[in-house]
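# Descriptive analysis of the structure
Here are the chains, one letter per residue:
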Amino acid sequence: MKKRKNKTEKNFKKKRTFKKFFGVIATVLLCTLLVSVVGFATSGFTNGDPQTWFQKERNPDNLIDVKNYLLEDGRDDGKGIKVKVDDDGVIKLNGKATSENNFRVAEVVLEPGEYTISGIKSCDGYGIEVIGANNLNAKSGISSATFTVEQATTVTVSIYVTEETYLFNKTFQPCLVKGDVAGEMLK
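A brief look at the structure comes next. Values in this document were obtained by computation on a predicted structure and should not be read as measured data.

## Quick word on the overall build of the protein
Broken down by element type, the protein carries 1 helix and 10 strands. Each helix and strand of the protein, placed in order from N terminus to C terminus, yields the pattern α-β-β-β-β-β-β-β-β-β-β. Considering the protein as a whole, with its 187 residues, one finds that 35% of them fall into the buried category. Sequence separation of at least 24 residues holds for 65% of the intrachain contacts in the protein that already meet a minimum separation of 6. Total accessible area on the protein is roughly 12,500 Å²; 55% of this is exposed by carbon and sulfur atoms.

This is the structure in structure tokens:
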């Protein structure tokens, strides 16, 4: 009797484990299907091509052109910070700054008017700044910075990092737009 009972218990446990395993797989597949249906129904994905579902496009209002970046991918400034530049222009910094750093991202010609610089979500010892003639120096920390240009001028968009600042894969998405409303680099 004992042998039969043990076999029955083992078979029961195997069946329960088997049911749980396939129950989890079925749940995952159902959730994936549901997300896909909702994405297509709400135009949450750019189109029906799965390759483009999670790709964002460059903001056409951003005056900083990725093709004109002065910052090179893989750059090691010798002051503790390494630079990674993705194809879409997103900049990632890693390391500990042994002294103050200033990474020139791009130069942009601006006509007279109001502009806003943005591109980071948090700030502690680093940020994005715009430097130009006539003492123009607008720094974007945790939020955006709006500034006015009185006459046509070339400005330098830079990332600054203060001494002793630790950065672990810190993402910068520099966005310079005309007007007083901050833009996003990628939409």
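That covers the picture; the talk isn't over yet.
## Brief notes about the side chain of serine 158
The residue serine 158 is located in strand E8 (residues 153–161) in this model. A polar atom in the side chain of serine 158 sits 3.1 Å from the side chain of asparagine 102. In this view, serine 158 contacts Asn102, Phe103, Arg104, Val105, Gly127, Ile128 and Glu129; residues no more than four positions away in its chain are not counted.

## Structural notes on the environment of threonine 165
Topologically, threonine 165 is positioned in the loop between E8 and strand E9 (166–172). In this structure threonine 165 comes out as buried when scored by relative accessible area, which is 7%. Separated by 39 residues in the primary sequence, threonine 165 and tyrosine 126 have C-alpha atoms spaced 7.7 Å apart. Apart from residues lying up to four places away in sequence, threonine 165 is in contact with Gly95, Lys96, Ala97, Asp124, Gly125 and Tyr126. Among the polar contacts listed, one links the side chain of threonine 165 to the backbone oxygen of glycine 125, at a separation of 3.4 Å.

## Re the pattern of salt bridges
Inspection of every chain in the model, using the stated rule, returns 6 salt bridges. Of the charged contacts in the structure, one is a salt bridge between lysine 96 and glutamate 164, with a shortest N-O distance of 3.0 Å. Taken as a pair, lysine 96 in strand E2 (residues 91–96) and glutamate 164 in the loop between E8 and E9 lie far apart in primary sequence, 68 residues in all. Classification of glutamate 164 by relative accessible area gives partly exposed; the value is 45%. A salt bridge links lysine 139 to glutamate 129; the nearest nitrogen and oxygen atoms lie 4.0 Å apart. Residue lysine 139 is located in strand E6 (residues 136–140), and its partner glutamate 129 is located in strand E5 (residues 126–132); the two are separated by 10 residues in the primary sequence. Residue class for lysine 139 comes out partly exposed when judged on its relative accessible area of 46%. On the accessibility criterion, glutamate 129 (4% relative accessible area) is buried. Put simply, Lys84, Asp86 and Lys92 are held in one network by salt bridges that share partners.

## Concerning the sheet that holds strand E10 (residues 175–178)
If you walk across this open sheet you meet the 3 strands as E7-E4-E10, and the pairing is antiparallel. Among the strands making up the open sheet, the edge pair consists of strand E7 (145–149) and E10. Direction aside, the axes of adjacent strands within the sheet are offset by 25 degrees on average. The pairing of strand E4 (residues 113–118) with E10 spans 4 bridges and is classified as antiparallel. Each bridged residue has a counterpart across the sheet, and for tyrosine 115 the counterpart in E10 is lysine 178.

Conventions we followed
The numbering scheme is per chain: residues are counted from 1 as the chain's sequence reads. This being a predicted model, a pLDDT of at least 70 is required before a residue's local features are given, and a value of 80 or more before pairs of side-chain atoms are given or counted; all residues contribute to the totals for chains, interfaces and linings. As a convention, hydrogens and water are excluded, and side-chain values are obtained from all of the structure's heavy atoms. Going along the chain from the N terminus, every DSSP run of H or I of four or more residues is numbered as a helix, and every run of E of two or more is numbered as a strand. Residue exposure (1.4 Å probe, protein chains only): buried if accessible area is under 20% of the type maximum, exposed if over 50%, otherwise partly exposed. The contact rule is simple, with two residues in contact once any of their heavy atoms fall within 4.5 Å. For the area figures, the Shrake-Rupley method with a 1.4 Å probe applies, and any residue is considered shielded solely by the protein chains shown. The term polar contact refers here to a pair of N or O atoms within 3.5 Å; inside protein, the definition further demands a hydrogen-donor-capable atom paired with an acceptor-capable atom, and it admits residues adjacent in sequence only when both atoms are side-chain atoms. Only one rule defines a salt bridge in this text: a Lys or Arg side-chain nitrogen within 4 Å of an Asp or Glu carboxyl oxygen. Following DSSP output, two strands are said to pair if at least two bridges run between them. Here an axis means a line fitted to C-alpha atoms, over the contact stretch when the element is a helix, while the angle between two N-to-C directions is reported on a 0 to 180 degree scale.

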